[in-house]
Every structure is written in C-alpha cells, then in structure tokens.
Amino acid sequence: MKKLLIALMGFAIVGIANADTPTEAPPMQMDPVCKQAFEHMRDSRPKVEAAIKANDANKVGTLVIADHKYMEDFMSKNPQCKPPMPPKR
C-alpha cells in the first residue's frame, strides 16, 4: 500500500512538472486586414451581453443584425479573411 501511494505521488509530481511546459502550438499570425473584423466583434460582444442581461430583445436583435451586416460587408470586401469551410458530407 505504501509503494502504491508513493508511486501515485510520483506520478502527480511528474504531472505537475509537465504542466508548466506548453503543449499548444504558438498562435497563428493574423492578416492585419482581418484583424479589424475580429476587433469589431470583440468590441461589440460586451454590448450584446449587456443587452441580454437587461432582457432587451430589441437591442439584442439590433446589435446582432448590425454585426452580421458588418461581417458580411467586410468579408465581401476582404475574401482572404473568410474562414475555410469544412467540406460537406
């Protein structure tokens, strides 16, 4: 029983030590043109969340529709920013 406990503690220590090493790939470099659209969406999200918390369906709808129109317009002008779509099955 003691040996099992010591072995488990050893695995835990190794796991903690390995947790410090990054396993994810570095973030991809984004096209500077595309960054503008992502910043717009990031900046508009708090407004949408505030409207949801305020239970204001009209404001939520208005904000979401405006964001959708913005993204459609942006993607039509900058097709290189359109995310790749997975193949249809």
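Anyway, here's the lowdown on the structure attached to this text. (Residues numbered from 1 in each chain as written. Predicted model: local features only at pLDDT ≥ 70, side-chain atom pairs only at ≥ 80, totals over all residues. Heavy atoms only, no water.)

## Considering the layout of surface pockets
Here is step 1 of the chain: Space inside the largest pocket adds up to approximately 240 Å³.
Here is step 2 of the chain: If you go around the largest pocket, you meet 13 residues; those closest to its centre are M30, C34, F38, C81 and P83.
Here is step 3 of the chain: When contributions to the lining of the largest pocket are tallied by element, the ones reaching two or more residues are helix 2 (32–53) and helix 3 (57–77).
Here is step 4 of the chain: Class assignment of the residues belonging to the lining of the largest pocket gives a composition of nine nonpolar, two polar and two charged. (1 Å grid on protein atoms, 1.4 Å probe; cavity = no way out; pocket = protein on both sides within 12 Å on 5 of 7 lines; lining within 4 Å. Points joined across faces, edges and corners; volume = space filled by probe spheres on them. Helix = DSSP H or I, 4+ residues; strand = E, 2+ residues; numbered from the N terminus. Nonpolar A, V, L, I, M, F, W, Y, C, P; charged D, E, K, R; others polar.)

## Section: the environment of V48
Here is step 1 of the chain: When you line up the elements, V48 lands in helix 2.
Here is step 2 of the chain: On the accessibility criterion, V48 (14% relative accessible area) is buried.
Here is step 3 of the chain: Spatially, the C-alpha atoms of V48 and D67 are 9.9 Å apart, while their sequence positions differ by 19 residues.
Here is step 4 of the chain: Setting aside anything within four residues of it in sequence, one finds V48 in contact with V60, L63, V64 and D67. (Buried < 20%, exposed > 50% of the residue type's maximum accessible area, 1.4 Å probe, protein only. Contact = heavy atoms within 4.5 Å.)

## Focus: unusual backbone geometry
Here is step 1 of the chain: Backbone geometry at N55 places phi at a positive 60°, although glycine is not the residue there.
Here is step 2 of the chain: Tracing the chain through its elements places N55 in the loop between helix 2 and helix 3.
Here is step 3 of the chain: Given the relative accessible area of 69%, N55 is considered exposed.

## Some thoughts on the state of the cysteines
Here is step 1 of the chain: Using the criterion set out here, one finds one disulfide in the structure.
Here is step 2 of the chain: Between the sulfur atoms of C34 and its disulfide partner C81 the distance amounts to 1.9 Å. Handedness of the C34-C81 disulfide follows from its S-S torsion of about -90°: it is left-handed. Residue C34 is found in helix 2, and its partner C81 is found in the segment after helix 3; the two are separated by 47 residues along the sequence. Of the two residues, C34 and C81, both sit in the buried class. (Disulfide = S-S within 2.5 Å.)

## A few points about the nonpolar core
Here is step 1 of the chain: In this structure, C34, A37, M71, F74, M75 and C81 together form the largest nonpolar core, which totals six residues.
Here is step 2 of the chain: Breaking this core down by element, the ones donating at least two residues are helix 2 and helix 3.
Here is step 3 of the chain: If you tally residues by element for this core, the top one is helix 3, at three residues.
Here is step 4 of the chain: With residues up to four places along the chain from it excluded, the contact list for F74 reads V33, C34, Q36, A37 and C81. (Core = buried A, V, L, I, M, F, W, Y, C linked by side-chain atoms within 4.5 Å.)

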